[in-house]
Amino acid sequence: MSADKSHRQRVLRDLLATRDLHSQVEVVEALADEGIDCNQATVSRDLDDLKAVKVRGVDGTQSYRVRADLVDSGWANVEATIRQFVVDIASSGNLVVLRTPPACAHPVASAIDLGGVPGAVATVAGDDTVLVVAEEGLTGAALADRIRHHLAA
């Protein structure tokens, strides 16, 4: 990989981690703001190389995120995100309820969805609450304990 490509992809990864970029055109413009001139075809290849995916936000819009950051680090990223944002964990039935400060539920839900938390089927994020649905046969209490256990590790 050339130094230019490596630098561009490093900047792109940072942009996707810190900004909501909804289209490849926005990505090209954001890179230009950082002094990196490239075209849409280059951005498309870079997004593929970085394993970027579009994630739907609470407001219904989709923006790019780098899936590899979440999947490759597995529980480490989920743990870091939960430690950073979650202030309470409770359960009810087949649900785990994670409380966060206002506007912090989305990063937690995304980390859980993309991080492949064992036993988590899906998440629903509000402003300050994430509902995590446990897979069939697993109670919310057991999934909450699993999350707590990994946080204590």
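Keep in mind the model is a prediction, meaning the values are calculated, not measured.

Student: How should helix H3 (residues 40–49) be read in this particular structure?
Tutor: Helical geometry note: an α-helix holds 3.6 residues per turn, so side chains three or four residues apart project in the same direction. Taken residue by residue, H3 has Thr-42, Val-43, Asp-46 and Leu-47 as its buried positions. Projected onto a plane normal to the axis of H3, the buried residues spread over an arc of 135° and lie on a single side. The opening residue of H3 is Asn-39, an N-cap whose side-chain oxygen sits 3.2 Å from the backbone nitrogen of Ala-41. One or two residues past the end of H3 sits Lys-51, with phi positive at roughly 60°.

Student: What's the story with the nonpolar core in this structure? I'm lost.
Tutor: Taken as a class, soluble globular proteins show a tendency for nonpolar side chains to be buried jointly. In terms of nonpolar packing, the biggest core is built from 20 residues, with Val-96, Leu-98, Val-108 and Leu-143 touching the most fellow members. Listed by contribution, the elements that provide at least two residues to this core are helix H5 (75–85), strand S4 (95–99), helix H6 (105–115), strand S6 (129–134) and helix H7 (140–152). Ranked by residues supplied to this core, first place goes to H6 with four residues. Residues Val-11, Val-27, Leu-47 and Tyr-64 belong to the second largest nonpolar core, which totals 17 residues.

Student: In this structure, what is going on with the packing of helix H2 (residues 24–33) against H3? I would like to understand it.
Tutor: The angle between the axes and the distance between the axes are what describe a pair of packed helices. Where H2 meets H3, the axes come as close as 9 Å, and the angle between the chain directions of the two elements is 100°. The angle between H2 and H3 falls in the class roughly perpendicular. Contacts from Gln-24, Val-27, Val-28 and Leu-31 in H2 reach Gln-40, Val-43, Ser-44 and Leu-47 in H3. Here the contact of H2 with H3 is composed, by residue class, of five nonpolar, three polar and no charged.

Student: When you look at a negative patch on the surface in this model, what are you seeing that I'm missing?
Tutor: Together, Asp-14, Glu-29, Asp-33 and Glu-34 give the surface a local cluster of negative charge. Residue placement: Asp-14 occurs in helix H1 (residues 3–18). What makes Asp-14 partly exposed here is its relative accessible area of 47%.

Criteria and thresholds
Residues numbered from 1 in each chain as written. Predicted model: local features only at pLDDT ≥ 70, side-chain atom pairs only at ≥ 80, totals over all residues. Heavy atoms only, no water. Buried < 20%, exposed > 50% of the residue type's maximum accessible area, 1.4 Å probe, protein only. Helix = DSSP H or I, 4+ residues; strand = E, 2+ residues; numbered from the N terminus. Arc of directions from axis to C-beta. Polar contact = N/O pair within 3.5 Å; in protein donor to acceptor, adjacent residues only side chain to side chain. Core = buried A, V, L, I, M, F, W, Y, C linked by side-chain atoms within 4.5 Å. Axes fitted to C-alpha atoms, helices over the stretch in contact; angles between N-to-C directions. Parallel < 35°, antiparallel > 145°, perpendicular 65-115°, else oblique. Contact = heavy atoms within 4.5 Å. Nonpolar A, V, L, I, M, F, W, Y, C, P; charged D, E, K, R; others polar. Patch = residues over 30% accessible without salt bridge, like charges linked within 9 Å, V, L, I, M, F, W, Y side chains within 5 Å. Areas by Shrake-Rupley, 256 points an atom, 1.4 Å probe, with all protein chains shown as cover. Salt bridge = Lys/Arg side-chain N within 4 Å of Asp/Glu carboxyl O. Lys, Arg positive; Asp, Glu negative; His and termini not counted. Charge placed at Lys NZ, Arg CZ, Asp CG, Glu CD.

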